[in-house]
Structure formats: C-alpha cells, structure tokens
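So the chains spell out like this:
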Amino acid sequence: MKIDVLTLFPDMFIPMLSSSIIGRAVENGLLKVNLYNIRDFAKNKHKQVDDYPYGGGHGMILAPQPLFDALYHVLESCQDSKPKVILMSPQGKVLNQELAKQLAQEQHMVIICGHYEGVDQRVIDKFVDLEVSIGDYVLTGGELPAMVLIDCVARLIPGVVGNPESTKDESFARGLLEYPQYTRPYNYEGYTVPDVLLSGNHQEISRWRLKESLRNTLKKRPDLLERAELSPYEIELLKEVKQEMEGS
Ligand code: 4HQ
C-alpha cells in the first residue's frame, strides 16, 4: 500500500515509520509512505499556509492554495489508480476495526492532516473522499490521528503482522473483547495461572477463553455485546457468566 501524507509537521511521522512493526513493513516494501510538507507548496514569499477566517472568528484556517497544489502534485503521479483522499477531522466517520478493514483494501491513500482551526472547505469539496475521526475529542493537529490510522490499517495488510492469526483472534475482530492471557511463571507473588490453561485439553481451553471473552465484554463493554451476533453456544456461555455474576 502507498500512503501520501500532507502535513505541516512531517518529522512527527519519522519515529513511527522507522520503529517496530510499521518500521519493518516500510523496510520490506509492504508499506510505502511519502511525507509532503504542505508549506513547501506555499507560493507566497513568506511560505505562509494559513489565513484569517472569512466572517471573523478566532484561529486560522489552512488556505486552499498550498493544499490544492500539494494535492495536484501527489495526484499527478498516479493517473492510473485513483487514491482514496482522506482528511483527518473530528467531523469525520469515527475509526473502528470495520473501517480499518475496508481501508486496508486500498492500493493508495492520501491523508491530509489539518492544523489550526481546520482547512478551507473548498479543499474538502474538491478533493476529499472521506473524513476520518479517531474519536470524540479535540487534538491540536491531524498528525496523531493520521499515525493512528496508518498503524491500524497497515497492520491489516497481509504480511505486515507476522502471524495472520493474531489479527483474526483479537479484540473487535469478532466484536468481543479478548480473554485474559498468561505467560510464565505459573506462580508470581502468589498470583497463579488458571489451571485449565495447563490442562492440555484444547477443547476446555477454547471454551474457557470464549467464556472469559464474553465475561470481559459484558463487564467492560456491554455495548459491544448488544451488536455481536452470538451463536447458540455463545449465548449459553453468556448465560453461565451472568448466573455467576449474580452469585457473587
Ligand atoms: N483534529 N480525529 C483539529 C482532531 C481529530 C480527531 C484534527 C484537531 C484536525 C484541525 N482528527 N485539526 N479527533 O481532533 O481526527
């Protein structure tokens, strides 16, 4: 996947693009990220990219010219495919695992990181296919949201995460939270590992994990359970969990 990022702070992306799993994906070519500084496209002699809002009000607005020219530049280099142009914005569709899965199918994304009070509406009207929010809170710029989006989408590209099972099993993959995990030692300061996990009985282990996954979801994110499509077996396990909760 190719991702072009339009930002006033390209340096913010360098640590995440050179570390850990995303760093490896960039190294082995599964992910190609081009960073463009919006300021480099400003035509005025002070390289100013923002201006006062028409109609008055506080804050500054990213002017159309630098963004139009940056977008013409990145779109020029790809007449063949039409990239998905995304603006990071609190007004956008809230990112979740389902949206991440859809975006992981794209060959090419262009991500615009706003700053100040936002971007001139004409940039959105002419270029933006999708506005994406990472949650209902306000940040100082779109860079952290863009990094969250890149991380969450890139790890779904086949080969980026070592074991594809680990993207299949995890929280939200099925709309349930994960079960508790343990590693050695068996006893740490008196806290022990549930014995079923040492039993070697894989059917019992699967049942325990599914039940604890349902327990976790019921306790911490009951809203997720309302939307999950549970099998009769899962409904039965959930009933057991609920009875156990009443008992205590
Ligand atoms: N901002 N999810 C303001 C966000 C945000 C979010 C990005 C702050 C754009 C101009 N973006 N700038 N939450 O808070 O995506």
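Nothing here was measured: the structure is a model prediction, and the numbers come from that model.

Asker: Residue-level account of the side chain of T217, with values.
Answerer: As for its position among the elements, T217 is in helix α8 (residues 202–220). The exposure class assigned to T217 is buried, which follows from its relative accessible area of 0%. Here S213 takes part through its backbone oxygen, which lies 2.6 Å from a polar atom of the side chain of T217. The contact partners of T217, leaving out residues within four places of it in the chain, are L176, L177, P222, L224 and L225.

Asker: I'd love a proper account of the site of the ligand, names of residues and values included.
Answerer: Around the ligand, a shell composed of 17 residues is seen, among which S133, I134, G135, Y137 and L139 lie nearest. At 3.0 Å, a backbone N or O of Y137 approaches a nitrogen atom of the ligand. Note that an oxygen atom of the ligand is positioned 2.9 Å from one of the backbone N or O atoms of L139. Relative to its unbound accessible area of 370 Å², the ligand is 95% covered by the protein chains. Of all the secondary-structure elements, those providing two or more residues to the shell around the ligand are β5 (84–94) and β7 (130–133).

Conventions we followed
- Every chain's residues receive numbers from 1 upward, in the order its sequence appears when written.
- pLDDT decides what is reported in this predicted model: residues at 70 or higher carry local features, side-chain atom pairs at 80 or more are listed and counted, and totals for whole chains, interfaces and linings draw on all residues regardless.
- Side-chain metrics in this entry use all non-hydrogen atoms of the structure; hydrogen atoms and water are not considered.
- Only DSSP runs of H or I with at least four residues qualify as helices, and only runs of E with at least two residues qualify as strands; both kinds are numbered from the N terminus onward.
- Categorising residues by exposure relies on relative accessible area from a 1.4 Å probe, with only protein chains included: less than 20% of the type maximum marks a residue as buried, more than 50% marks it as exposed, and the intermediate range marks it as partly exposed.
- Any N or O atom pair separated by 3.5 Å or less is treated as a polar contact, with the protein-specific requirement of one donor-capable and one acceptor-capable atom, and with residues adjacent in sequence counted only for side-chain atom pairs.
- In what follows, a contact means two residues having at least one pair of non-hydrogen atoms within 4.5 Å.
- Whether a residue is near a molecule or strand is decided by its heavy atoms; if any one of them lies within 4 Å of it, the residue is near.
- Shrake-Rupley sampling with a 1.4 Å probe provides the accessible areas, and residues are treated as covered by the protein chains on show and by no other component.

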